[in-house]
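Close look at the chain arrangement
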Amino acid sequence: MENVRVRFAPSPTGFFHIGNAKTALYNWLIARHCGGTFILRLEDTDVERSKEEYAEVLFDCLTWLGLDWDEGPAFKHIPEKGDYGPYRQSQRMHLYRREAQRLLDEGKAYKCFCTKEELDAERERAAAEKRPPRYSGVCKKLTPDQIHAKGNAPYVIRFRVPDGVTVIDDIIQGTVRTENKEFDDFVIIKPNGDPIFHLAVVVDDGLMKITHVVRGDDHLTNTTRHVMLFEALGYQAPQFAHMPLVHDEKGQKYSKRMHGANVLDWRNDGYLPETLINYLALLGWTPEDGTELLTRDDLVKKFSLDRAGASASRFDLKKVQWLNGQHIRMLGVEDLRDRLIPRLQAAGLDTTAKSTEWLTRMTAICQEKIKTLNEIVTYTDFFFSEPAEYEEKAVRKHWMAPDALKCMDEALDAMEQVPEWTAAALRAAYETLVERTGNSLGHYVHPTRLALTGKSVGPGLFELAELLGKETSLARMRRAIEFIGRACAPLGTTPEGQS
Ligand code: GLU
């Protein structure tokens with residue numbers, strides 16, 4: 001494919017929906033795969049609903065996902081780019097009016113002076129006669145003199161739907177044929193001179209020389225009108241590809257109210273943009289070799305619309321979580337560290353007292369464990385402050401056994417003996433202990449972990465102890481031993497009536 005020009009044309013009227021992110025991604029991948037151009041165009045003609053803050057969110061989300069655009073409107077420090085601007089519809093009104101005038105001049109559109117009351121009455125008559133509501137076309141027959149006589153009366157411009165059949169050869173949906181007579185002459189310019197969506201989108205796609213329109217299949221029913229307008233305006237029509245919408249886990253349309261419908265929910269929950277684009281790409285497309293774990297480069301290399309399917313794609317949270325874990329493992333440790341620090345700080349953990357080197361080591365011992373960036377907080381909070389409490393279930397399991405105190409004393413003793421405070425030396429000391437006593441490694445590891453972290457899961461014990469430092473580790477062991485003596489009198493020795 002040569003000189004591919006694709007566009008993402010969101011309306012800044014709400015948060016950035018996950019389905020929109022998929023549309024943006026597919027267009028971006030097509031452009032990057034074949035060295036084409038990815039255009040960002042803001043469809044902000046709905047003045048009531050379009051808000052600059054939504055446009056900002058949109059830019060931020062695209063930037064976070066790494067979907068950079070080659071042409072598009074100005075945003076913060078990024079100036080407007082491209083030779084086909086402006087890229088905000090609100091700045092292109094003169095073009096829509098010019099093109100509508102051209103259609104009028106060529107007899108492909110006409111002014112309609114029908115009032116709202118007349119149109120309502122027409123619709124009611126149609127309903128009473130059980131006919132589909134259709135514009136009767138009264139104004140189509142007005143002579144130039146009759147039009148002149150209307151003076152300053154308000155009017156809309158209607159497109160004169162031609163006879164015949166319109167065929168869409170959709171890359172994903174196949175061939176869609178529609179009899180033009182199914183449509184009445186639709187409005188393209190409102191009484192205030194503003195364009196209707198159908199005109200604006202076609203003028204933009206035509207003048208911006210878009211080669212492929214890839215969007216949600218909720219737009220498929222609009223496309224017949226668009227194809228008619230492309231022909232009437234004499235533009236080269238693009239190829240169309242209408243993608244299935246994203247469905248939730250139950251197979252329903254991913255409603256706006258659901259957690260996760262907003263792209264920012266994923267960012268807030270600690271998912272990587274790498275994961276999201278990997279997962280969204282798979283919602284409706286599979287690479288030839290069936291691989292599921294794909295980096296941005298893999299996607300760019302492998303993506304093609306030929307392998308995109310028409311059936312709706314269900315969201316599978318388990319799979320996203322799995323993918324996120326995999327992408328976390330693939331990051332460079334420094335990169336991961338820099339993404340984790342803000343999460344720790346947001347949770348109120350003071351990372352500033354730790355050296356960069358220490359934070360890198362902490363990251364390294366968690367990289368294989370966490371599935372989201374946010375999980376780092378529960379995995380490492382004990383490094384930043386003494387555990388405020390011990391996990392109750394783990395206390396019952398590991399510290400209430402009759403020999404719990406003995407076990408902890410032995411562990412503390414082994415720790416005190418290590419020649420140097422490293423994970424390897426600690427492991428060796430515990431292994432010697434295990435050999436000597438005949439107990440399992442777990443017999444010592446779990447109670448020790450509880451003492452050092454307050455929890456039953458976390459990074460590898462010896463690695464975390466090394467990072468925690470000798471003094472703190474030993475102090476926490478002694479504190480735990482006191483706690484056990486005080487609060488965990490071994491089962492069977494608890495005095496009657498107490499628990
Ligand atoms: N602004 C439209 C939307 O957000 C997109 C129209 C198009 O892609 O043609 O649904």
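Scroll up for the structure.
Now for a look at the structure at hand. Here the structure is a predicted model, which is why all the values come from computation and not from measurement.

A word on the sheet that holds strand 4 (residues 156-159). If you trace the three strands from one edge of the open sheet to the other, you get 3-4-7, paired in antiparallel fashion. The open sheet terminates on both sides in strands that have one partner only, identified here as strand 3 (109-112) and strand 7 (187-189). Pairs of neighbouring strands in the sheet enclose a mean axial angle of 45°, with direction left out of account. Where strand 3 and strand 4 come together, four bridges link them in antiparallel fashion. Directly across from Tyr-110, in strand 4, lies its bridge partner Arg-158.

So, on to the pairing of strand 1 (residues 5-8). Burial along strand 1 is two-sided: Arg-5 and Arg-7 facing one way and Val-6 and Phe-8 facing the other are all buried. Across four bridges, strand 1 lies against strand 2 (residues 37-40) in parallel orientation. Pairing of Arg-5 across the sheet is with Thr-37, part of strand 2. Taken together, strand 1, helix 1 (residues 18-33) and strand 2 form a β-α-β motif whose crossover is right-handed.

Further remarks concern the nonpolar core. Phe-383, Trp-399, Tyr-430 and Met-477 are the most contacted members of the largest nonpolar core, which has 58 residues in total. Apart from the residues lying within four places of it in its own chain, the contact partners of Trp-399 are Tyr-390, Ala-394, Ala-404, Met-408, Pro-447, Leu-450, Ala-451, Ala-480, Phe-483, Ile-484 and Cys-488. In terms of nonpolar packing, the next biggest core, distinct from the first, is built from 53 residues, Ala-31, Phe-59, Leu-65 and Ile-172 among them.

Turning our attention to unusual backbone geometry. Residues Gly-85 and Pro-86 are joined by a peptide bond in cis, for which omega reads -5°. Mapped onto the elements of the fold, Pro-86 is located in the loop between helix 2 (52-65) and helix 3 (93-105). Phi is positive for Lys-76, which is not a glycine, with a value near 40°. Within the fold, Lys-76 resides in the loop between helix 2 and helix 3. Assessed through its relative accessible area of 57%, Lys-76 is described here as exposed.

Moving on, we come to the packing of helix 18 (residues 441-453) against helix 19 (residues 461-468). It is at 11 Å that the axes of helix 18 and helix 19 come closest, and there the two elements cross at 35°. As for the relative orientation of helix 18 and helix 19, their crossing is left-handed in sense. Here Val-445, Thr-448, Arg-449, Leu-452 and Thr-453 of helix 18 come into contact with helix 19, specifically with Leu-461, Phe-462, Leu-464, Ala-465 and Leu-468.

Let's shift gears to the pattern of salt bridges. As enumerated under the stated definition, the model contains 35 salt bridges in all. Ionic pairing is found between Lys-76 and Asp-60, a salt bridge with its closest N-O pair at 3.6 Å. Of this pair, Lys-76 sits in the loop between helix 2 and helix 3 while Asp-60 sits in helix 2, and the two are 16 residues apart along the sequence. Its salt-bridge partner being Lys-108, residue Glu-106 comes within 2.9 Å of it at the nearest N-O pair. One continuous salt-bridge network, built from bridges that share partners, spans Arg-7, Arg-41, Glu-43, Arg-92, Asp-204 and Asp-205.

Before going further, it helps to spend a moment on the site of the ligand. Near the ligand the following residues occur: Arg-7, Ala-9, Pro-10, Ser-11, Glu-43, Phe-197, Val-201, Arg-215 and His-219. Contacts to the ligand include Ser-11, whose side-chain N or O atom sits 3.0 Å from a nitrogen atom. Residue His-219 places a side-chain N or O atom 2.8 Å away from an oxygen atom belonging to the ligand. A total of 290 Å² of accessible area belongs to the ligand in isolation, and the protein chains cover 82% of it. Per-class residue counts for the shell around the ligand are four nonpolar, two polar and three charged.

In this model helix 4 (residues 116-128) runs 18 Å from its N-terminal to its C-terminal C-alpha over 13 residues, within 8% of the 18 Å that 1.5 Å per residue would give. The set of residues buried in helix 4 consists of Leu-119, Glu-122 and Ala-126. The arc that holds every buried residue of helix 4, seen down its axis, measures 60°, which confines them to one face. Opposite its buried face, helix 4 presents the exposed residues Lys-116, Glu-117, Glu-124, Ala-127 and Ala-128, each directed more than 90 degrees away. On its buried side, helix 4 packs onto strand 4. Looking at the residues trailing helix 4, positive phi occurs at Lys-130, about 55°.

Structurally, Ala-149 can be placed in helix 5 (residues 144-149). Assessed through its relative accessible area of 66%, Ala-149 is described here as exposed. When the C-alpha atoms of Ala-149 and Cys-34 are compared, they prove to be 55 Å apart, with 115 residues separating the residues in sequence.

Centre-to-centre distance and the angle between the planes together describe a pair of aromatic rings. The tally for this structure, following the rule as stated, stands at 21 aromatic pairs. Here Phe-59 and Trp-69 contribute two aromatic rings whose centre-to-centre distance is 5.7 Å and whose plane-to-plane angle is 35°, an arrangement assigned as tilted. Here the residue Phe-59 occupies a position in helix 2, and Trp-69 occupies one in the loop between helix 2 and helix 3, the gap between them amounting to ten residues. Trp-69 matches Phe-59 in its accessibility class, with the two residues each being buried. Between Phe-113 and Tyr-155 the ring centres are 5.6 Å apart and the planes differ by 55°, which places this aromatic pair in the tilted class. Linking Phe-113 in the loop between strand 3 and helix 4 with Tyr-155 in the loop between helix 5 and strand 4, this pair joins segments that are 42 residues apart in sequence. A relative accessible area of 9% means that Phe-113 is categorised as buried. Taken together, the ring pairs connect Tyr-254, Trp-266, Tyr-271, Tyr-279 and Phe-315 into an aromatic cluster. In this structure, Arg-5 is placed above the aromatic ring of Tyr-84, and the distance from its NZ or CZ to the ring centre is 4.1 Å. Lying over the aromatic face of Tyr-135, Arg-158 brings its terminal NZ or CZ to 3.7 Å of the ring centre.

Looking now at the state of the cysteines. Within the structure shown, the criterion is met by zero disulfides. Not engaged in a disulfide, the cysteine Cys-114 finds its nearest cysteine sulfur in Cys-139; these two sulfurs lie 3.6 Å apart.

Residues separated by three or four positions in an α-helix point in the same direction, a consequence of the helix having 3.6 residues per turn. Spanning 14 residues, helix 16 (residues 404-417) covers 20 Å between terminal C-alpha atoms, matching the ideal 20 Å at 1.5 Å per step. Considered for burial, the residues of helix 16 that qualify are Ala-404, Cys-407, Met-408, Glu-410, Ala-411, Leu-412, Ala-414 and Met-415. Close packing links the buried residues of helix 16 with helix 15 (392-399), helix 17 (423-437), helix 18 and helix 20 (470-487).

Cut-offs used in this document
Residues numbered from 1 in each chain as written. Predicted model: local features only at pLDDT ≥ 70, side-chain atom pairs only at ≥ 80, totals over all residues. Heavy atoms only, no water. Pairing = 2+ DSSP bridges. Helix = DSSP H or I, 4+ residues; strand = E, 2+ residues; numbered from the N terminus. Axes fitted to C-alpha atoms, helices over the stretch in contact; angles between N-to-C directions. Buried < 20%, exposed > 50% of the residue type's maximum accessible area, 1.4 Å probe, protein only. Right-handed = clockwise from strand over helix to strand, strands pointing away. Core = buried A, V, L, I, M, F, W, Y, C linked by side-chain atoms within 4.5 Å. Contact = heavy atoms within 4.5 Å. Left-handed = near helix turned anticlockwise from the far one by under 90°. Salt bridge = Lys/Arg side-chain N within 4 Å of Asp/Glu carboxyl O. Near = heavy atom within 4 Å. Polar contact = N/O pair within 3.5 Å; in protein donor to acceptor, adjacent residues only side chain to side chain. Areas by Shrake-Rupley, 256 points an atom, 1.4 Å probe, with all protein chains shown as cover. Nonpolar A, V, L, I, M, F, W, Y, C, P; charged D, E, K, R; others polar. Expected span 1.5 Å × (residues − 1). Arc of directions from axis to C-beta. Phe/Tyr/Trp six-rings, centres within 6.5 Å; stacked < 30°, edge-to-face > 60°. Lys NZ or Arg CZ within 6 Å of the ring centre and 35° of its normal. Disulfide = S-S within 2.5 Å.

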